[in-house]
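# Structural description and commentary
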Amino acid sequence: TITGQTRNRIARLNASGSLDTAFNPNSSAAVRALASQGDGKILVGGDFIMIGGQTRNRMARLNADGSLDTAFNPNVNASVFALAVNSVDTVILGGSFVAVGAQTRNRLAQIHADGSVDITANPNTNDAVYATVGQPDGKLVVSGRFTMISGQSRNYIARLNADGSLDTTFNPNANDGVFTLVVQPDGKLVVGGAFTNIGGQIRNRIARLNATGSVDTSFADLAVDSFVTNMALQPDGKLVIGGPFSMVGGQTRNGVARLNASGSVDTTFNPNPNGATYALALQPDGKVVIGGTFTMVGGQARNHIVRVNASGSLDTAFNPNASDIVAALAVQPDGALVVAGFFTMIAGQTRNSIARLNTSGSLDTAFNPNANGAVFALAPQTDGRLVIGGIFTTVGGQTRNRIARVTATGSLDTTFNPNANSNVLTLATLPDGKLVMGGFFTTIGGQTRNRIALLSMTQAALQSIDVYGSAVTWTRSGAGPELALPPQLLFSLAGSTYTTVGTTQRVAGGWRYTGFVAPISQNFYLRTRGQVSTGNLNGLGSLIESTRQIYVGDNVFANGFN
């Protein structure tokens, strides 16, 4: 009983603490775990075999009114102790079970929003995968040199569903390689590469696609005279592009250019390196770090790495001076910069293929993973660890074939060893912590995987949105992807159209926005949205989102409690 009324193991209270009499699911045994979905439905786990008057073995989903969601029935064979919903509404469950939905799952499983078990698919391409970016809906866009994927024709670009199967509705059909991808907040996709035709239209090496895969004709038809190899989307919607080109849209732009949101060339930005750009990283202050083959930028000596101001002028205080090509960059939340490529010296000290710089450009002397071959891809995790991919075969003096993970201090993570049989060119961490890798390999961990593979992680990817007084905190931990820039906080009353509240700031364990004024005595939605730099040369941009439905009563104290 609760407040004097019968409620079997599960009940809901009003904001005042009184019983919500309309809510009575009635569980046959202990309820041990609860989780709320973004649509207001409630996941329930425990020891029960009946709930809402119907058979449900240890897990069920309730509608917002407490009635049973009859379409959802995972059928777990033993107790469920823990539940978590990720940003694409797939569900992680933990407990004492060894089977879910008649499939073997030892105490940890992932299920889809419909209750079916997540079975990792094998997309299987016929040539190299260079780029992988995740969409907020859980789908994955992949591109490269392939013309077949999952046994079907797809020229250089395809989209996979969350389970790894081919999204048959998406087929842009490029006529040459697609090397870089950026997902915009509106769901559109900017693509760059070697192509001159995509979606049946002439587009020279850069184009923007609608969510369906058709060409967005509102984006300027820019002619770029050579490959576009990497891109970085600024918060203001402008796009920095890099590659070995020398002309963009009829204007001289050597190696790097910035485009307006419409696709036209930003005439105010022209760093002018004397060689190709192969790596880009945006800083929260608007500055841009550039890596590549160049030795001069804006008429001044800069060997393979440079930082420019938001205007494109040289940041004269930053000069790490790498000995060879810088091929990948990743800005960490504390402002430190991970640099990777072909170099053996940087900032005056020996560092083989990977190093970390302080914000001033000086070397972080405590960080030295020491790879014996080039590093092409970086995938930072929220727990501070970093997955690296490339052509190396040892890291930190130990065998690691083309893929490895290092700790926040730079030491080798000995628990992680996928063992690829050929080069790894691209990495992308999905919101649930799984890792997509692409390249030239045909086996991973002794199993056949032709140029693309999905790795599960033993660590969970955890996140939550919490409102405490006027502060909104997005807590993130575990194996999830680290963000490239401070994320945005968005607000909606109905959960359909969102408006931007503001930019969050870094705090321990996540990101926080202060000064939020919540509507009283009504439901509303908060969404956090951040950009993740991934892929080959880390020149790709994925989006990660988390959404929560919230109700704040009219008796909220200043500390956020009722």
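## With respect to the sheet that holds strand S41 (residues 424-429)
Within the open sheet, the 3 strands sit side by side as S41-S42-S45. Their pairing is antiparallel. Each having just a single partner strand, S41 and strand S45 (452-455) make up the two edges of the open sheet. Between one strand axis and the next, the sheet turns by 20 degrees as a mean value, whatever way the strands run. Summarising the sheet, strand S42 (residues 435-439) and S45 pair through 4 bridges and their orientation is antiparallel. Bridge assignment links Gly438 to a residue of S45, and that residue is Ile452.

## Side note on the environment of Gly52
Secondary-structure assignment places Gly52 in the loop between strand S3 (50-51) and strand S4 (54-55). Its relative accessible area of 38% is what places Gly52 among the partly exposed residues. Each C-alpha atom, one on Gly52 and one on Asn24, is 7.8 Å from the other, the two residues being 28 residues apart in sequence.

## Quick notes on the pairing of strand S30 (residues 305-308)
Residues Ile305 and Arg307 of S30 are buried on one face, and the alternating residues Val306 and Val308, pointing to the opposite face, are buried as well. As paired elements, strand S27 (residues 288-292) and S30 share 4 bridges and run antiparallel to each other. Paired with Ile290 across the bridge in S30 is Val306.

## Quick notes on the packing of aromatic side chains
One pass over the structure, following the stated rule, counts 5 aromatic pairs. Centre to centre, the rings of Phe516 and Phe524 are 6.0 Å apart; their planes meet at 45 degrees, and the pair counts as tilted. One aromatic cluster is present, built from ring pairs that chain together Phe491, Phe516 and Phe524. Taking NZ or CZ as reference, Arg506 lies 5.0 Å from the ring centre of Trp511, over its face.

## Concerning unusual backbone geometry
Although it is not a glycine, Arg9 adopts a positive phi angle of roughly 70 degrees. Turning to its location among the elements, Arg9 is positioned in the segment before strand S1 (31-36). We classify Arg9 as partly exposed; its relative accessible area is 48%. Of note, Arg451 is a non-glycine position whose phi angle comes to about 75 degrees, a positive value. By the secondary structure assignment, Arg451 is in the loop between strand S44 (447-448) and S45.

Parameters and conventions
Residues numbered from 1 in each chain as written. Predicted model: local features only at pLDDT ≥ 70, side-chain atom pairs only at ≥ 80, totals over all residues. Heavy atoms only, no water. Pairing = 2+ DSSP bridges. Helix = DSSP H or I, 4+ residues; strand = E, 2+ residues; numbered from the N terminus. Axes fitted to C-alpha atoms, helices over the stretch in contact; angles between N-to-C directions. Buried < 20%, exposed > 50% of the residue type's maximum accessible area, 1.4 Å probe, protein only. Phe/Tyr/Trp six-rings, centres within 6.5 Å; stacked < 30°, edge-to-face > 60°. Lys NZ or Arg CZ within 6 Å of the ring centre and 35° of its normal.

Geometric values such as these leave the question of function open.
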